[in-house]
Amino acid sequence: MTLDTYRPRRSVLYIPASNDKALAKIGSLACDAIIIDLEDAVLPADKKAARDKVAGILAARPERRCEMVVRINPLASEWGTHDLLAVAKAEPDGILLPKIGTPRDILEAGDLLDDNFAPDSVKLWAMVETPRALLNIGAIAELGRDPASRLTCFVAGTNDLVKATGILAAPDRRYLMPWLMQLVLAARAGGLDVIDGVANDFRDLDAFAGECAEAAAMGFDGKSLIHPAQIEPANRAFSPSAEALAGARAIRDAFARPENAGKGVIALDGKMVERLHLAEAEKLLAKAAIIGA
C-alpha cells in the first residue's frame with residue numbers, strides 16, 4: 001500500500017448489525033474502521049433482517065474518515081451469496097470474508113462483485129481463522145499484488161484458530177505467535193494491511209494495551225476490537241510515538257544537509273544511517289500527518 005492510498009486501521013471495531021444501540025453511536029466513535037457484523041454476532045433467525053439493515057446503516061455513515069466494512073456470512077453458507085450481493089449494492093468501503101481457505105475463495109467473491117457491477121471502490125478483506133487458510137497464506141496474500149482481486153486487508157481470527165487447532169489460549173498468546181508472525185510476513189509480501197485478532201476481556205484495558213503494543217511491535221497495522229473502550233488504547237499503540245517521530249525528523253534533517261547531498265550512508269548520533277532509513281523516516285512522518293499524530 002502506498003501513501004497515496006494509505007488509510008489508518010489502528011482500531012477496527014466490530015458492531016453487530018442487530019445492535020441498534022451500538023449502531024447509533026457510530027458517529028461519535030474515534031475508531032479508524034468499523035466492521036458491521038452479519039456473521040458470528042447475529043443469530044440465524046435474525047440473519048436476513050440484519051442484512052436488510054445494512055443499506056440504511058451505510059447510507060447514514062458519518063461524514064468522517066471512518067472506514068465502513070461489512071462482515072458477511074461464509075459464501076458456502078445459505079446466507080453468504082445473498083449477503084455479498086446485497087451489501088455490495090450499498091457500496092461499503094470493504095466486505096470482510098470469513099472462513100477463507102484458498103485463493104479461490106477471494107477470486108470467487110471478486111467475480112461475483114464484478115459480475116454484478118460493484119464499483120472498484122468496494123474492496124475485499126479476508127479473515128484468516130482456519131488452519132487451511134494459514135497453510136495457503138502465501139498464495140492468498142499474493143492476490144494483493146493484483147488490484148483486480150480487490151483484496152486489501154487480512155484480519156486474524158484468533159478465537160477461531162484456537163478453537164480449530166486445540167492450542168491453549170495462554171494470556172501471552174505464546175502458542176499463537178508463530179502463526180501471527182507468518183500472517184504478518186505474508187501480508188507484507190502481498191502489499192496488504194493486517195489486523196490483529198480481538199482481546200476477549202474488554203474490561204482489562206491494561207492487558208489490552210500490552211497486547212496492542214506487542215502486536216504493533218510484531219508489525220500489525222491495527223487491532224480488531226469488541227468494545228468502544230478499547231479504541232483509545234489501540235489508537236495510541238499503533239500511532240508513532242513521540243520518540244519515533246523525533247528520530248524520523250532527525251534522519252530527514254540530517255540527509256537534507258548540504259554536506260550529505262548524494263550520500264548513501266551517513267553517521268548520525270554514532271550510528272550508521274542509510275537511505276533506506278530515510279525512506280522509512282519519511283513514510284513514518286507522512287503517516288503521522290495523516291492520522292494527526
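Definitions and cut-offs
- Residues numbered from 1 in each chain as written.
- Predicted model: local features only at pLDDT ≥ 70, side-chain atom pairs only at ≥ 80, totals over all residues.
- Heavy atoms only, no water.
- Pairing = 2+ DSSP bridges.
- Helix = DSSP H or I, 4+ residues; strand = E, 2+ residues; numbered from the N terminus.
- Axes fitted to C-alpha atoms, helices over the stretch in contact; angles between N-to-C directions.
- Contact = heavy atoms within 4.5 Å.
- Expected span 1.5 Å × (residues − 1).
- Buried < 20%, exposed > 50% of the residue type's maximum accessible area, 1.4 Å probe, protein only.
- Disulfide = S-S within 2.5 Å.
- Salt bridge = Lys/Arg side-chain N within 4 Å of Asp/Glu carboxyl O.
- Polar contact = N/O pair within 3.5 Å; in protein donor to acceptor, adjacent residues only side chain to side chain.

Here we come to the sheet that holds strand β2 (residues 33-37). On the basis of which strands lie adjacent, the closed barrel formed by eight strands has the order β1-β2-β3-β4-β5-β6-β7-β8 and parallel pairing. Between one strand axis and the next, the sheet turns through 25° on average, direction left out of account. In terms of strand pairing, β2 meets strand β3 (residues 67-71) through five bridges, oriented parallel. The residue bridging isoleucine 34 from the neighbouring strand is methionine 68, located in β3. Strand contacts of helix α4 (residues 103-115): β4 (94-97), β5 (123-128) and β6 (151-156), with the helix running at about 155° to β5, the strand carrying the most contacts. The strands that helix α8 (residues 177-190) touches are β5, β6 and β7 (193-196); relative to β7, the one it contacts most, it runs at about 160°.

Bringing the pairing of strand β10 (residues 271-274) into the picture now. With four bridges joining them, strand β9 (residues 265-268) and β10 adopt antiparallel strand pairing. Bridged to alanine 267 within β10 is methionine 272. Between the end of β9 and the start of β10, which pair antiparallel, lie two residues, with aspartate 269 showing a positive phi angle near 55°.

The residue alanine 288 is located in helix α12 (residues 275-291) in this model. Once the C-alpha coordinates of alanine 288 and asparagine 260 are considered, the two residues, 28 residues apart in sequence, prove to be 25 Å apart.

Residues that lie three or four places apart on an α-helix share one face, since the helix turns once every 3.6 residues. Between its first and last C-alpha atoms α8 spans 20 Å; for 14 residues at 1.5 Å apiece the expected length is 20 Å, and the two agree. Buried residues of α8: Met177, Leu180, Leu183, Val184, Ala186, Ala187 and Gly190, and no others. Tucked into the core, α8 has its buried residues touching β5, α6 (137-142), β6, α7 (158-165), β7 and α9 (205-218). Glycine 191 occupies a position one or two residues after α8 and carries a positive phi of about 70°.

Here we take up the environment of threonine 130. With respect to the element layout, threonine 130 can be found in the loop between β5 and α5 (131-135). Classification of threonine 130 by relative accessible area gives buried; the value is 17%. Sequence separation between threonine 130 and isoleucine 231 is 101 residues, and the spatial gap between their C-alpha atoms is 26 Å. Once you skip the residues sitting within four places of it in the chain, threonine 130 turns out to touch Lys99, Ile100, Gly101 and Leu161.

Turning next to the state of the cysteines. This model, assessed by the stated rule, comprises zero disulfides. As a non-bridged cysteine, cysteine 66 has cysteine 31 as the owner of its nearest cysteine sulfur, 4.4 Å distant. Judged by relative accessible area, which is 6%, cysteine 66 ranks as buried. Of the cysteine sulfurs around cysteine 153, a residue in no disulfide, the closest is that of cysteine 66, at 14 Å.

Our next topic: the pattern of salt bridges. As enumerated under the stated definition, the model contains 26 salt bridges in all. Here aspartate 196 and lysine 223 are joined by a salt bridge, their closest N and O atoms 2.8 Å apart. Taken together, the residues aspartate 196 in strand β7 and lysine 223 in strand β8 (residues 222-225) connect sequence positions 27 residues apart. Relative accessible area serves as the criterion here: at 0%, aspartate 196 is assigned to the buried category. Among the ionic contacts, a cluster of salt bridges with common partners joins Asp37, Glu39, Asp40, Arg71, Lys99, Glu129 and Asp160.

With that settled, the discussion passes to the side chain of aspartate 196. Only 2.8 Å separates the side chain of aspartate 196 from the side chain of arginine 173, close enough to count as a polar contact. At a separation of 2.8 Å, a polar atom in the side chain of aspartate 196 contacts the side chain of lysine 223. With residues near it in sequence (within four places) discarded, aspartate 196 still touches Ala156, Arg173, Leu180, Ala215, Phe220, Gly222, Lys223 and Ser224.

Phi angles above zero are rare outside glycine, and phenylalanine 117 is one such case at about 60°. Tracing the sequence through the fold places phenylalanine 117 in the loop between α4 and β5. Taking relative accessible area as the criterion, phenylalanine 117 reaches 74% and is therefore assigned exposed. Even without being glycine, arginine 173 reaches a positive phi, approximately 60°. For arginine 173, the location among the structural elements is in the loop between α7 and α8.

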